Amino acid sequence: MKIARFDDNCLGLVEGDQVKDVTAALDILPRVGYPLPLHDPLIAQLDAVCAEIRRLAPTAKALPLAGRTWLAPVANPGKIVAAPVNYQKHLDEAREQVEIHHNNQVIEIQKIGLFLKATSSLVGPSAGVAIEHLDRRNDHEAELVVIIGQGGRNISRANAMRHVAAYTSGLDMTVRGPEERSLRKSVDSYSVLGPWLVTADEIPHPDQMDFSLHVNGELRQKANTRDLILDIPHLIEFASSFYSLRTGDLLYTGTPEGVAQVHPGDIITTSFAGIGDMTVVVRSSKS
Ligand code: MN
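Residues numbered from 1 in each chain as written. Predicted model: local features only at pLDDT ≥ 70, side-chain atom pairs only at ≥ 80, totals over all residues. Heavy atoms only, no water.

*Asks:* What's the story with the state of the cysteines in this structure? I'm lost.
*Replies:* By definition, a disulfide links two cysteine residues through a covalent bond between their sulfur atoms. Here the structure, examined in full by the defined rule, presents zero disulfides. In this structure Cys10 is a free cysteine whose sulfur lies 18 Å from that of Cys50, the closest cysteine sulfur available. On the basis of relative accessibility, which here comes to 17%, the residue Cys10 falls in the buried class. (Disulfide = S-S within 2.5 Å. Buried < 20%, exposed > 50% of the residue type's maximum accessible area, 1.4 Å probe, protein only.)

*Asks:* What am I meant to see in the sheet that holds strand S16 (residues 218–224) here?
*Replies:* Paired through backbone hydrogen bonds, the strands of a sheet run either parallel or antiparallel to each other. Spatially, five strands are ordered S9-S19-S18-S15-S16 in an open sheet, and the strand pairing comes out mixed. Bordering the open sheet on either side are strand S9 (129–131) and S16, each of which pairs with just one other strand. Strand-to-strand twist in this sheet, taken as the mean axis angle between neighbours without regard to direction, amounts to 20°. For S9 and strand S19 (residues 276–284), the ladder comprises three bridges, and the chain directions are parallel. Looking at the pairing, Ala130 lines up with Arg283 of S19. (Pairing = 2+ DSSP bridges. Helix = DSSP H or I, 4+ residues; strand = E, 2+ residues; numbered from the N terminus. Axes fitted to C-alpha atoms, helices over the stretch in contact; angles between N-to-C directions.)

*Asks:* In this structure, what is going on with the pattern of salt bridges? I would like to understand it.
*Replies:* Opposite charge on two side chains allows them to pair when their charged atoms are near. Per the counting criterion, the structure on display carries 16 salt bridges. Measuring nitrogen to oxygen at the nearest pair gives 2.5 Å for the salt bridge that ties Lys117 to Asp172. Here Asp172 lies in strand S12 (residues 164–172) and Lys117 lies in strand S7 (residues 115–117), a separation of 55 residues in the sequence. The same class applies to Lys117 as to Asp172, namely buried. Between Arg220 and Glu218 there is a salt bridge, and its shortest N-O distance comes to 3.8 Å. Connected through shared salt-bridge partners, Lys117, Arg137, Asp139, Glu141, Asp172, Arg176 and Lys185 make up one network. (Salt bridge = Lys/Arg side-chain N within 4 Å of Asp/Glu carboxyl O.)

*Asks:* It is not clear to me how the pairing of strand S15 (residues 210–215) should be interpreted in this structure. Could you clarify?
*Replies:* Looking along a regular strand, one sees the side chains alternate between the two faces of the sheet. The pairing of S15 with S16 spans six bridges and is antiparallel. Residue pairing across strands places Asp210 opposite Asn224, the latter belonging to S16. What sits between the antiparallel neighbours S15 and S16 is a turn of two residues, in which Asn216 has the positive phi angle 50°. Bridge count between S15 and strand S18 (residues 267–272): five bridges; the pairing is antiparallel. Across the sheet, the residue bridging to Ser212 is Ser271, located in S18.

*Asks:* How do you make sense of unusual backbone geometry when you look at a structure like this?
*Replies:* Note: most peptide bonds trans; most residues except glycine with negative phi. Cis geometry is found at the peptide bond from Tyr34 to Pro35, where omega equals 0°. Relative to the assigned elements, Pro35 resides in the loop between strand S3 (18–21) and helix H1 (41–44). Look at the link from Gly194 to Pro195: it is a cis peptide, with omega at 0°. Relative to the elements of secondary structure, Pro195 occurs in strand S14 (residues 191–199). At Val85, a residue that is not glycine, the phi angle is positive and equals roughly 30°.

*Asks:* Hey, could you run me through the environment of Val198 in this one?
*Replies:* The topology assignment puts Val198 in strand S14. Val198 sits in the buried class, given a relative accessible area of 0%. Those residues in contact with Val198 that lie beyond four places of it in its chain are Met1, Lys2, Ala166, Tyr167, Ile203, Gly274 and Ile275. (Contact = heavy atoms within 4.5 Å.)

*Asks:* Looking at this structure, I do not really get helix H3 (residues 88–96). What am I missing?
*Replies:* One turn of an α-helix holds 3.6 residues; hence residues three or four places apart share an orientation. Within H3, burial applies to His90, Leu91, Glu93 and Ala94. Taken down its axis, H3 places every buried residue within 165° of arc, on the same side. Along H3, exposed side chains directed more than 90 degrees from the buried face belong to Lys89 and Glu96. Considering only its buried residues, H3 is in contact with helix H4 (98–101). (Arc of directions from axis to C-beta.)

*Asks:* How do you make sense of the nonpolar core when you look at a structure like this?
*Replies:* As a rule of thumb, nonpolar side chains are buried together in soluble globular proteins. By size, the foremost hydrophobic cluster in this structure holds 54 residues, and its most contacted members are Val129, Tyr167, Leu171, Trp196, Ile236, Ile268 and Ile275. Among the elements that make up this core, the one with the highest residue count is helix H7 (residues 232–240) (five residues). Counting the residues that make up this core, at least three belong to each of domain 1 (2–70) and domain 2 (80–284). Ile236 has contacts with Ile148, Ile155, Ala160, Val164, Leu245 and Leu251, leaving out every residue within four places of it along the chain. Formed by 30 residues, the second largest nonpolar core is a distinct cluster that contains Ala57, Ala60, Val74 and Leu197. (Core = buried A, V, L, I, M, F, W, Y, C linked by side-chain atoms within 4.5 Å. Domains from an automatic or database assignment.)

*Asks:* When you look at the side chain of Asp172 in this model, what are you seeing that I'm missing?
*Replies:* Classification of Asp172 by relative accessible area gives buried; the value is 0%. A polar side-chain atom of Asp172 sits 2.5 Å from a polar atom in the side chain of Lys117. Contacts of Asp172, omitting those with residues within four sequence positions, involve Phe115, Lys117, Asp139, Glu141, Glu143, Lys185, Tyr190 and Tyr252. (Polar contact = N/O pair within 3.5 Å; in protein donor to acceptor, adjacent residues only side chain to side chain.)

Below, the structure written as structure tokens:
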């Protein structure tokens, strides 16, 4: 099932070129009080929400995909985990180009591990990317994103896929430079997510997914998730050996070769097989 958040915090079921307004399915979510839950309430009830969506869909109002405002499909992730240089050819290009590595040693993911992006950087596709430091190189990074279902610690590779609720596509936008990744990749709007989530049952082979990224119609990145250095089960095992994964946490799985600069006015489009296409406009944060 493809589930979107759109327009004025509506919930949608995406079917073909339409989205059905099934916002009423959110009524089954428990009311929350202070302190807020440490997980995403929608993902925590995803199976029940899907059942309610199925009940509502036959009579739900259908809207065209075109013209909708797409929000991040997970509104309240507890954390955003991300994998650096997780494709060999991206590791090669990062080591070759000083504009990417900035004299930082580019270390293999097995040694440098994972990093976190601030949740305040999360936006949906329609919010666009607002470039904050126009004098710096700001790059696109197209990435498959895993949405964690059942949380856990020390999850084994063998059990890892049972902890995946859904998939979506993302942009791990990046300011190149000498600072820590967690700073350079946490600018407001630098974690784009969407345009909708696809429940894991509809993506039987996330390890064989073709995807691409274009800027203004020009192909920049084209890859397949089979070329991940650490695959999804390995990433989940690695991450959960350091911190608990919680329901709704996001795992950006890394970007392939072809990272390049974007400027205000550029239009980024991503296409992920089995998920769909996402369009993101780049602007200046000053405008
Ligand atoms: Mn990345």
